[in-house]
Number of protein chains: 2
Amino acid sequence: MKKLIICALMLAAGTAGYAQQALFGGASVKSPEINADKTVTFRFVAPKAVTVQVTGDFLPTQKVKMGNFEMDVPGKADLVEKNGVWEYTTPTPVAPEMYTYSFVVDGQNMTDPSNVYMNRDVATVSNLLYVDGNETIDLYKVQDVPHGTVSKIWYHSAAENKDRRLTVYTPAGYETSGKKYPVLYLLHGIGGDEEAWYTQGRSTQILDNLIAAGKATPMIVVMTNGNLAMEAAPGEGSEGLTVPSMGLPKTMEGSFEAAFPEIVNFVDKTFRTQANKKGRAIAGLSMGGFHSCNISREYPTMFNYVGLFSAALGVTDPSISPIYQNADEKLNVQFNAKNRPALYYIAIGDTDFLYKANTEYRAKLDQLGYPYTYLETDGGHIWRNWRKYLADFAPKIFK
Amino acid sequence: MKKLIICALMLAAGTAGYAQQALFGGASVKSPEINADKTVTFRFVAPKAVTVQVTGDFLPTQKVKMGNFEMDVPGKADLVEKNGVWEYTTPTPVAPEMYTYSFVVDGQNMTDPSNVYMNRDVATVSNLLYVDGNETIDLYKVQDVPHGTVSKIWYHSAAENKDRRLTVYTPAGYETSGKKYPVLYLLHGIGGDEEAWYTQGRSTQILDNLIAAGKATPMIVVMTNGNLAMEAAPGEGSEGLTVPSMGLPKTMEGSFEAAFPEIVNFVDKTFRTQANKKGRAIAGLSMGGFHSCNISREYPTMFNYVGLFSAALGVTDPSISPIYQNADEKLNVQFNAKNRPALYYIAIGDTDFLYKANTEYRAKLDQLGYPYTYLETDGGHIWRNWRKYLADFAPKIFK
């Protein structure tokens, strides 16, 4: 056994990462630490720092004015230094959820060197924090249930004349069942890409767990990249390691919606799908809700289930694209007796800056007598809500 | 258009990450910056810091004693502060390569807040740096060529009575070609998991680019997790977000090697494979080279191509497992006229701490008259070499 231990040390020492850690410091405290009473302690080693704060969505939000809108943004809390180790413990238990946080050291955002689990949101990287304790957070975790397969697969976009990447979830058993499956197309927001629902959205864990519990029909989930200017998520395309930005061209100009059928055709050719309206759903968050609203309206015979999660509604400008023209007539066609979707689902948080736009859109549907299902939650324009909406929406489709 | 821009801002402001960045600082300098003369400038904003250094494998290595061995570990360079921004520019051009680096701020390892591209190596996270300029680095990049599909797929391990995750690369065209493909099993080192070859190893880019250039035969690549105690990479299994460690149980005790055929059987059942010895290769780095050596010797009719990259040889202890017993007799069977692999490939760097063990193993093969192909490079036990070895090995198999 001795030989093996020496060998293990040898090999261990061989990795640059380990060497860096052993020789130049690195993680030396436990952070975050979830205490028995469900309070959470954050620690950061910085003997020379003057101020260290933690910010994240586990803290009460602050109201901040942004453009014409008042936004809820994560609060901050001060860490206190003792022997070079800065520490903060939440005054009360933290509710079960999946959170993101980072440190602010002398005014500079930094990730937690003691926590390797991170998430990128546009050009900002934060650390992940899971607090257990209820069925919601359990849905977001990898449980001991059959797991679907997650694939990064490229399709050729004739509209853009480039190959583009999709993230595709196929349910447990897909490879050998020989069956055909319905398909949920799941769209991200303006800061996201084909990885957003897979990482922050926990879509594959949510589906694994709902399907294993018999609450959702086994389905394929196709997570697209709505930024037509990109081949793939930052760093995953031939653009290389560029600094991620948002509000890219061709995201909200109608071209993504117009070209969407080529993705549906690729998926139907490549996977064992139920290639008809009954076998298709489309849902998205924020900009993805805007896209889902427009795509399902433009192609009224394509999707039988539509989900608008905190959707960016009421912003179409007919001068931009034919897709945005004659919206009311197209909506009328989408909701006529022949095309009417089996489920038209709208969900939003009561402090979302898009609440008013969604209220106006619902009033219009009410006035026209177009049926829809509505979920209102507390909170704003945040992933915590979008994960909840997916977990509520998925069991309602393909039934 | 105005409406759309306002809308984009609204949505942008909605993401917690963006809000954090806008309100609490975050990336505010360009780092790393690759200059026209191929020198590289690193910047870090820390007005209150006392010392800021950069460490990474782009710097000359330092010799450091670790246990019985003298290791090459990444050097350090001091940044100089001006108006709160610390800066370092390499004195000479940096050779084209894929590097990792991090900052050391007042003795603490920290990632670069201006660079969202990171890599986890065991419990240490570093930033990525690409310096272009030759065919080697081009192989590691996503080029405008047909891309294979990368899947995270779970198999049931009867030996461990748990589901475990694999990373599987299928070459461009696999989904629709109807063809059967040969399979390369690619194994990681002691700090790694089923994601190591996919992330630091750039295996899928290397294969995409070699296949597109006609240099490698289209093949499936199966990247296993050699830590039988784990279901999947840290954070991807039901263990949750635990702090990654290495030298786990059941990594070098023979049980991984013994159970390997259940992975091969799963792959042959699940993918369109050439399910015979001629259609199978196995290769690995460090501990993965040790595994590849043992597995190919234990199952002499399973693999026609064997690759030992900086392999941890000469450390088998017969008292641990039957797999490690009668090694010479088994090697004799592996190399008899009937079983002799078409390629037995050994590669190592001239400063690798395993160089001596590999030299002794080659002397033994020479003495016994067992043929092998040998590549010796400069440098030590580092990913830079392992990527090179894969790029050299892949074109030699399935011909």
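Residues numbered from 1 in each chain as written. Chains lettered and ligands numbered in written order. Predicted model: local features only at pLDDT ≥ 70, side-chain atom pairs only at ≥ 80, totals over all residues. Heavy atoms only, no water.

Draft legend 1. How the structure looks around the overall build of chain A. Within chain A one finds 10 helices and 20 strands. A globule of 399 residues ought to have a C-alpha radius of gyration of about 21 Å, and chain A, at 23 Å, matches this closely. Projected onto its principal axes, the C-alpha positions of chain A cover 70 × 55 × 40 Å. In chain A, which comprises 399 residues, the proportion classed as buried is 61%. Counting contacts in chain A only where the partners sit at least 6 residues apart, residues at least 24 apart contribute 73% of the total. (Helix = DSSP H or I, 4+ residues; strand = E, 2+ residues; numbered from the N terminus. Rg over C-alpha atoms; globule rule 2.2 N^0.38 Å. Buried < 20%, exposed > 50% of the residue type's maximum accessible area, 1.4 Å probe, protein only. Contact = heavy atoms within 4.5 Å.)

Draft legend 2. Main features of the pairing of strand 14 (residues 162-170) of chain A. Residue and element names in this part refer to chain A. Summarising burial for strand 14: 7 of the 9 residues are buried, a large majority. Sheet analysis places strand 13 (residues 149-157) next to strand 14, joined by 9 bridges and oriented antiparallel. Bridge pairing in strand 14 links S151 to V168. Counting the residues between successive antiparallel strands, the hairpin from strand 13 to strand 14 contains 4 residues, one of them, N161, with a positive phi of roughly 50°. Direction of pairing for strand 14 relative to strand 16 (residues 220-223): antiparallel, over a ladder of 3 bridges. (Pairing = 2+ DSSP bridges.)

Draft legend 3. Up close: the side chain of S296 of chain B. Residue and element names in this part refer to chain B. Structurally, S296 can be placed in helix 7 (residues 287-298). Polar contacts involving the side chain of S296 include one to the main-chain carbonyl oxygen of S292, which spans 2.9 Å. Side chain to side chain, S296 and Q334 meet in a polar contact 3.0 Å long. With near-sequence residues (within four places) excluded, S296 lies in contact with I282, F303, V306, Q334 and Y344. (Polar contact = N/O pair within 3.5 Å; in protein donor to acceptor, adjacent residues only side chain to side chain.)

Draft legend 4. Inspection of the side chain of N115 of chain B at higher detail. All names here are of chain B. The topology assignment puts N115 in the loop between strand 10 (108-110) and strand 11 (118-121). Within polar-contact distance, the side chain of N115 engages the backbone oxygen of L128 at 2.9 Å. With sequence-adjacent residues up to four places away left out, N115 is seen in contact with S31, P32, Y101, N127 and L128.

Draft legend 5. Quick peek at the pattern of salt bridges. Counted by the stated rule, this structure contains 30 salt bridges over all chains. Close ionic contact of R165 of chain B with E236 of chain B constitutes a salt bridge, the shortest N to O distance being 3.4 Å. Taken as a pair, R165 of chain B in strand 14 (residues 162-170) and E236 of chain B in the loop between strand 16 (220-223) and helix 6 (255-270) lie far apart in primary sequence, 71 residues in all. Residue classification places E236 of chain B among the partly exposed positions, given a relative accessible area of 23%. Note that K356 of chain B and E360 of chain B form a salt bridge whose closest N and O atoms lie 2.8 Å from each other. Of this pair, K356 of chain B and E360 of chain B both sit in helix 9 (residues 355-368), 4 residues apart, which is roughly one turn of the helix. Exposure remark for E360 of chain B: the relative accessible area of 46% places this residue in the partly exposed category. Through salt bridges that share partners, K152, R165, E194, E195 and E236 of chain A make up one connected network. (Salt bridge = Lys/Arg side-chain N within 4 Å of Asp/Glu carboxyl O.)

Draft legend 6. Region of the structure containing the sheet that holds strand 2 (residues 40-45) of chain B. As summarised here, the arrangement of the 4 strands in space is 1-2-8-7 (chain B), forming an open sheet in which the pairing is antiparallel. Edge positions in the sheet fall to strand 1 (33-34) and strand 7 (80-82) of chain B, since each of these pairs with one other strand and no more.

Draft legend 7. The packing of helix 5 (residues 203-212) of chain B against helix 10 (residues 383-393) of chain B, seen in detail. Residue and element names in this part refer to chain B. In contact at an axis separation of 10 Å, helix 5 and helix 10 are set at 30° when each is read in the N-to-C sense. Taken together, helix 5 and helix 10 sit at an angle that is classed as roughly parallel. The interaxial crossing formed by helix 5 with helix 10 has right-handed handedness. Note on element contacts: helix 10 touches helix 5 through R387, L390 and A391, opposite S203, I206, L207 and L210. (Axes fitted to C-alpha atoms, helices over the stretch in contact; angles between N-to-C directions. Parallel < 35°, antiparallel > 145°, perpendicular 65-115°, else oblique. Left-handed = near helix turned anticlockwise from the far one by under 90°.)

Draft legend 8. Up close: the environment of R340 of chain B. Residues and elements named next belong to chain B. By the secondary structure assignment, R340 is in the loop between helix 8 (327-334) and strand 19 (343-349). What makes R340 partly exposed here is its relative accessible area of 37%. C-alpha separation for the pair R340 and P318, spaced 22 residues apart in sequence, amounts to 24 Å. Those residues in contact with R340, other than ones at most four positions away along the chain, are K277, N304, Q334, F335, G369, Y370 and P371.

Draft legend 9. Region of interest: the pairing of strand 3 (residues 52-56) of chain B. All names here are of chain B. Here strand 3 lies mainly inside the structure; 5 of its 5 residues are buried. Here strand 3 shows no split at all, with V52, V54 and G56 on one side and Q53 and T55 on the other all buried. With 5 bridges joining them, strand 3 and strand 9 (residues 97-105) adopt antiparallel strand pairing. Bridging from a neighbouring strand, V54 pairs with F103 of strand 9. One ladder, built from 3 bridges, connects strand 3 with strand 6 (residues 76-78); its direction is antiparallel. Residue T55 lies in a different strand from strand 6, and its bridge partner there is K76.

Draft legend 10. Representation of unusual backbone geometry. All names here are of chain A. The step from S31 to P32 runs through a cis peptide bond, and the omega angle for that step is -5°. Checked against the element boundaries, P32 lands in the loop between helix 2 (16-24) and strand 1 (33-34). The phi dihedral of N83 falls on the positive side, at around 55°, and the residue is not glycine. Considering the arrangement of structural elements, one finds N83 in the loop between strand 7 (80-82) and strand 8 (85-89). When its relative accessible area of 73% is taken as the criterion, N83 is described as exposed.

Draft legend 11. Looking closely at the packing of helix 6 of chain B against helix 7 of chain B. Residues and elements named next belong to chain B. Across the interface, helix 6 lies against helix 7 with an axial gap of 9 Å and an inter-helix angle of 60°. With respect to their mutual orientation, helix 6 and helix 7 come out oblique. The handedness of the crossing between helix 6 and helix 7 is right-handed. Residues F256, E257 and F260 of helix 6 touch helix 7, and the partners they reach there are F290, H291, N294 and I295. Of the residues that constitute the contact of helix 6 with helix 7, the class distribution is 4 nonpolar, 2 polar and 1 charged. (Nonpolar A, V, L, I, M, F, W, Y, C, P; charged D, E, K, R; others polar.)

Draft legend 12. Quick peek at the nonpolar core. Counting 42 residues, the largest nonpolar core has F44 of chain A together with F44 of chain B as the members making the most contacts within it. Other than its neighbours up to four places away in sequence, F44 of chain B contacts M110 of chain A together with V52, L79, G84, V85, W86, F103, V105, M110, T111 and P113 of chain B. (Core = buried A, V, L, I, M, F, W, Y, C linked by side-chain atoms within 4.5 Å.)

Draft legend 13. Layout of helix 7 (residues 287-298) of chain A. Taking 1.5 Å per residue as the helical rise, helix 7 of chain A with its 12 residues ought to reach 16 Å, and the 16 Å between its terminal C-alpha atoms agrees with that figure. With respect to burial, helix 7 of chain A is a largely interior element, 11 of its 12 residues being buried. (Expected span 1.5 Å × (residues − 1).)

Draft legend 14. Representation of the packing of aromatic side chains within the structure. Following the criterion strictly, the structure yields 46 aromatic pairs over all chains and no others. Centre to centre, the rings of Y174 of chain B and Y181 of chain B are 5.5 Å apart; their planes meet at 45°, and the pair counts as tilted. Of the two residues, Y174 of chain B and Y181 of chain B, neither departs from the other in class, the shared state being buried. Aromatic side chains F309 of chain B and Y345 of chain B sit 5.9 Å apart centroid to centroid with 80° between the ring planes, which places their arrangement in the edge-to-face category. Of the two residues, F309 of chain B sits in strand 18 (residues 305-309) while Y345 of chain B sits in strand 19, which places them 36 residues apart along the sequence. Residue F309 of chain B shares its accessibility class with Y345 of chain B, and that shared class is buried. Following the ring pairs from residue to residue traces out a cluster consisting of W197, F309, Y345, W383, W386, Y389 and F393 of chain A. The ring of Y140 of chain B carries the charged tip of R387 of chain B above its face, separated from the ring centre by 5.1 Å. (Phe/Tyr/Trp six-rings, centres within 6.5 Å; stacked < 30°, edge-to-face > 60°. Lys NZ or Arg CZ within 6 Å of the ring centre and 35° of its normal.)

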